[in-house]
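Structure at a glance
Spelled out from the first residue to the last, the chains are:
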Amino acid sequence: MSFNIALSGLDATNTELNTISNNIANASTYGFKGARTEFAAVYNGMQPGGVEVASISQNFDKNGSVNSTGRAMDLAINGGGFFVTKDSAGQLLYTRSGVFNTDKDNYVMSNTGARLQGYSVDGNHNLLTGVTGDIKISTSSLSAQATDKMEFIANFDATNEAIDPAAIAFDPENTKSFHSSYTTKVFDSQGKPHTVTQYFTKTGDNSWEVNTLADGGKATASPINLTFNPDGSLASSVNAYNVSFPAAGANPINIEIDLSGSTQFGTGFSVSTNNPNGYTSGELAGVRVEDNGMVYATYTNGQSQLQGQLVLADFANPQGLSKVSGTAWTQSFSSGAPIVGVPGTGTLGDLTPNALEGSNVDLTSELVNLMTAQRNYQANAKTISTNDKLTQALFNAV
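All values reported here derive from a predicted model rather than from experimental measurement.

Our focus in this paragraph is the overall build of the chain. A tally of regular secondary structure across the chain gives 2 helices and 28 strands. For a compact globule of 398 residues, the expected C-alpha radius of gyration is about 21 Å, and the chain comes in at 35 Å, more than 25% above that figure. Its C-alpha atoms give the chain principal-axis dimensions of about 135 × 45 × 30 Å. In the chain, buried positions account for 39% of the 398 residues. By sequence separation, contacts in the chain at least 24 residues apart represent 59% of the contacts at least 6 residues apart. When the 20 positive and 34 negative side-chain charges of the chain are each reduced to one mean point, those points stand 11 Å apart.

As structure tokens, this is what we get:
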């Protein structure tokens, strides 16, 4: 019986050595979770029967360190959850390794070839939640959008001396006919740039006149008059006006300029907001992922367009997941069904773009465990050797 007990110790310790060796081998594997071998005593009735491996559990409670990589599609999970991917056979794989890129068809995929799963967008790039699928980046150019709105907020200098328009008529060539000006770039329906210049003239203690010219030409809108309260806030009931002008080969440009929020204080003229919409066309330049999982395509014109939102999955019993190659796991009966959601909701962590989660293996502890397992193996082998000598002595005595 003692031979069998010692042999069970050798088998169990050998399994532990395999586990420790696998931890050490994957100490630099992104998203890897260290494991430990858990033993249980064996009894045959009241007689000791040695030891057996009860389970090999992985440490999902400890996350690896997050290291910045500078790559736009490297992602790390801060907290619970797994990335959801699908391999070529249609099997869902769950992983903590956030090494992603795009394949030849512009699907977002892991370094093992599995496609990242998430919510897609419709033809207008509105997010479609509810059903997950492959995330794909559109390679088409971003068409131009004409400017039709502009938010403009400025402070008008209250210390300026008023100019009588009847005495000095507005003339963009005569700097004495206005106090300040500001030029904004806008775009027509073909994406060609144009300029809209606003000229601001103080006409009374708390009143200003705004003249607008396009492309350095004649006035394209009737002058608008702004009135301010004694405390410097805008008092005018009409704070927005339209500017219209033709664009060669494109649709006429019509822009609504909103001056709400402007002030008149005793400091120099300054612009705090100049926000026209519209842009020229652009080519795909890259991909950006936000901490909430939103995936955007970025273009050469500085614009971004939503392509989808990746999802994360969590399990009631992650220890029940089945381990597979590629630093991934698959669902099992023991793990339960996945709880799927967007990053940062429920028990799911948020994302750190441009970074990767390292292995949570403590290499120093593993080396100490390795020495301990080696001593245990040697002790069990010594037990077999001692039993062999005792048996041999018994045979010699007979």
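Here the focus is empty space enclosed by the protein. By rolling a water-sized probe across the atoms, one finds the places where empty space is left. Counting across every chain of the model gives 1 cavity of 30 Å³ or more. Estimates place the volume of the largest cavity at around 30 Å³. If you trace the largest cavity, you find it lined by Met73, Leu75, Val108, Leu116, Val289, Val295 and Leu310. Its residues assigned to classes, the lining of the largest cavity shows 7 nonpolar, no polar and no charged.

What follows is about the layout of surface pockets. There is about 320 Å³ of room inside the largest pocket. Asn23, Gly34, Ala35, Arg36 and Glu366 are, among the 19 residues lining the largest pocket, the residues nearest its centre. Secondary-structure elements contributing two or more residues to the lining of the largest pocket are α1 (2–25), β1 (35–44), β2 (47–58) and α2 (363–397). A per-element tally of the lining of the largest pocket places α1 first, with 4 residues. When the residues that make up the lining of the largest pocket are grouped by side-chain class, the tally is 3 nonpolar, 11 polar and 5 charged.

Taking the UniProt record as the reference, the feature "domain: Flagellar hook protein FlgE/F/G-like D1" (unreviewed entry) is found at residues 76–139. Its end C-alpha atoms 26 Å apart, residues 76–139 is made of 0% helix and 52% strand.

Turning next to the sheet that holds strand β12 (residues 180–187). One open sheet holds the 4 strands; their spatial order is β12-β13-β14-β15, and the pairing between them is antiparallel. In this open sheet, the two edge strands, each paired with only one partner strand, are β12 and β15 (224–227). Averaged over neighbouring strand pairs, the angle between their axes works out to 25 degrees when direction is ignored. Sheet analysis places β12 next to strand β13 (residues 193–202), joined by 8 bridges and oriented antiparallel. Paired with Val186 across the strands is His194, a residue of β13.

It is worth spelling out the packing of aromatic side chains at this point. This model, assessed by the stated rule, comprises 16 aromatic pairs. Considering the side-chain rings of Phe82 and Phe315, the 6.0 Å spacing of their centres and the 70 degrees angle between planes classify their relative orientation as edge-to-face. Of this pair, Phe82 sits in strand β5 (residues 82–86) while Phe315 sits in the loop between β23 (312–314) and β24 (322–324); the two residues are 233 residues apart in sequence, bridging distant segments of the chain. The class for Phe315 is buried, based on a relative accessible area of 5%. Seen from their ring centres, Phe156 and Phe269 are 6.1 Å apart, and the 50 degrees between their planes marks the pair as tilted. Taken together, the positions of Phe156 in strand β11 (residues 149–157) and Phe269 in the loop between β18 (263–265) and β19 (270–276) put the pair 113 residues apart, joining distant regions of the chain. With a relative accessible area of 27%, Phe269 lands in the partly exposed category. Members of the aromatic cluster, each reached through a chain of ring pairs, are Phe152, Phe156, Tyr182, Phe200, Trp208, Phe228 and Phe269.

Moving on to the pairing of strand β20 (residues 284–289). Relative to strand β21 (residues 294–299), β20 runs antiparallel, the two sharing 5 bridges. In the sheet register, Gly286 faces β21, and the bridge partner there is Thr298. Between β20 and β21, which pair antiparallel in sequence order, lie 4 residues; one of them, Gly293, sits at a positive phi of approximately 90 degrees.

In this section: the nonpolar core. Among the nonpolar cores identified, the biggest contains 24 residues, and Val210, Leu226, Tyr241, Phe245, Ile255, Ile257 and Leu259 are the most heavily contacted of them. Residue contributions to this core peak at 4 residues, all from β11. Residues in contact with Val210, not counting those within four places in the same chain, are Gln198, Tyr199, Phe200, Pro223, Ile224, Leu226, Tyr241 and Leu259. The next biggest cluster of nonpolar side chains, apart from the first, holds 20 residues, and it includes Ile77, Val287, Ala297 and Leu310.

Note that Leu284 resides in strand β20. Expressed as a C-alpha distance, the spacing of Leu284 and Ser28, which sit 256 residues apart in the sequence, is 34 Å. Contacts of Leu284, omitting those with residues within four sequence positions, involve Asn106, Ile137, Ser138, Thr139, Ala297, Thr298 and Tyr299.

In this section: the environment of Asn254. Turning to its location among the elements, Asn254 is positioned in strand β17 (residues 253–258). Judged by relative accessible area, Asn254 falls into the partly exposed class, the value being 41%. Sequence-wise, Asn254 and Thr327 are 73 residues apart; in three dimensions their C-alpha atoms are separated by 56 Å. When residues no more than four places from it in sequence are discounted, the contact partners of Asn254 are Thr147, Asp148, Asn242, Val243 and Ser244. Within the local environment of Asn254, its side chain forms a polar contact with the side chain of Ser244, the two groups lying 2.7 Å apart.

How each quantity is defined
Residues numbered from 1 in each chain as written. Predicted model: local features only at pLDDT ≥ 70, side-chain atom pairs only at ≥ 80, totals over all residues. Heavy atoms only, no water. Helix = DSSP H or I, 4+ residues; strand = E, 2+ residues; numbered from the N terminus. Rg over C-alpha atoms; globule rule 2.2 N^0.38 Å. Buried < 20%, exposed > 50% of the residue type's maximum accessible area, 1.4 Å probe, protein only. Contact = heavy atoms within 4.5 Å. Lys, Arg positive; Asp, Glu negative; His and termini not counted. Charge placed at Lys NZ, Arg CZ, Asp CG, Glu CD. 1 Å grid on protein atoms, 1.4 Å probe; cavity = no way out; pocket = protein on both sides within 12 Å on 5 of 7 lines; lining within 4 Å. Points joined across faces, edges and corners; volume = space filled by probe spheres on them. Nonpolar A, V, L, I, M, F, W, Y, C, P; charged D, E, K, R; others polar. UniProt positions renumbered as here; feature names shortened; annotations may be inferred. Pairing = 2+ DSSP bridges. Axes fitted to C-alpha atoms, helices over the stretch in contact; angles between N-to-C directions. Phe/Tyr/Trp six-rings, centres within 6.5 Å; stacked < 30°, edge-to-face > 60°. Core = buried A, V, L, I, M, F, W, Y, C linked by side-chain atoms within 4.5 Å. Polar contact = N/O pair within 3.5 Å; in protein donor to acceptor, adjacent residues only side chain to side chain.

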